[in-house]
Amino acid sequence: MSVSTLFNEGMADRLIRIIVGIIVIALVFVGPKTPWGWLGLVPLITGLVGWCPAYTLFGIRTCPLRKP
């Protein structure tokens, strides 16, 4: 398996996921203070890792393929 197949999120997609994840996690500490804010870990982790299982399932790829 090549390195390019390990990533399926582009940089803009990853940045948006990280920002949204941090904002949603902040809801645990500020605002409504509900445990639902911990769902922000999903976009945060997928943004940091660069791989989304749902993208793989649906065949979506926002990361440009690298040429060998």
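A short tour of the structure in this document, coming up. (Residues numbered from 1 in each chain as written. Predicted model: local features only at pLDDT ≥ 70, side-chain atom pairs only at ≥ 80, totals over all residues. Heavy atoms only, no water.)

Within the protein one finds three helices and zero strands. Counting from the amino terminus, the protein carries its helices and strands in the arrangement α-α-α. Within the span of the protein, comprising 68 residues, buried residues form 28% of the whole. Contacts in the protein between residues at least 24 apart in sequence constitute 68% of all its contacts with a sequence separation of at least 6. For the protein, the accessible area works out to roughly 5,100 Å², and carbon and sulfur atoms hold 79% of it. (Helix = DSSP H or I, 4+ residues; strand = E, 2+ residues; numbered from the N terminus. Buried < 20%, exposed > 50% of the residue type's maximum accessible area, 1.4 Å probe, protein only. Contact = heavy atoms within 4.5 Å. Areas by Shrake-Rupley, 256 points an atom, 1.4 Å probe, with all protein chains shown as cover.)

With that settled, consider the side chain of Glu9. With respect to the helices, strands and loops of the structure, Glu9 is situated in the segment before helix H1 (11-29). On the basis of relative accessibility, which here comes to 2%, the residue Glu9 falls in the buried class. Only 3.2 Å separates the side chain of Glu9 from the side chain of Arg17, close enough to count as a polar contact. Other than its neighbours up to four places away in sequence, Glu9 contacts Arg14, Arg17, Thr46, Gly47, Gly50, Trp51, Cys52, Tyr55, Thr62 and Cys63. (Polar contact = N/O pair within 3.5 Å; in protein donor to acceptor, adjacent residues only side chain to side chain.)

So, on to the pattern of salt bridges. Counted according to the given criterion, the structure contains two salt bridges. Salt-bridge contacts for Glu9 lead to Arg17; the nearest nitrogen and oxygen are separated by 3.2 Å. Given a relative accessible area of 15%, Arg17 falls into the buried group. If you follow the salt bridges from partner to partner, you end up with Glu9, Asp13 and Arg17 in one network. (Salt bridge = Lys/Arg side-chain N within 4 Å of Asp/Glu carboxyl O.)

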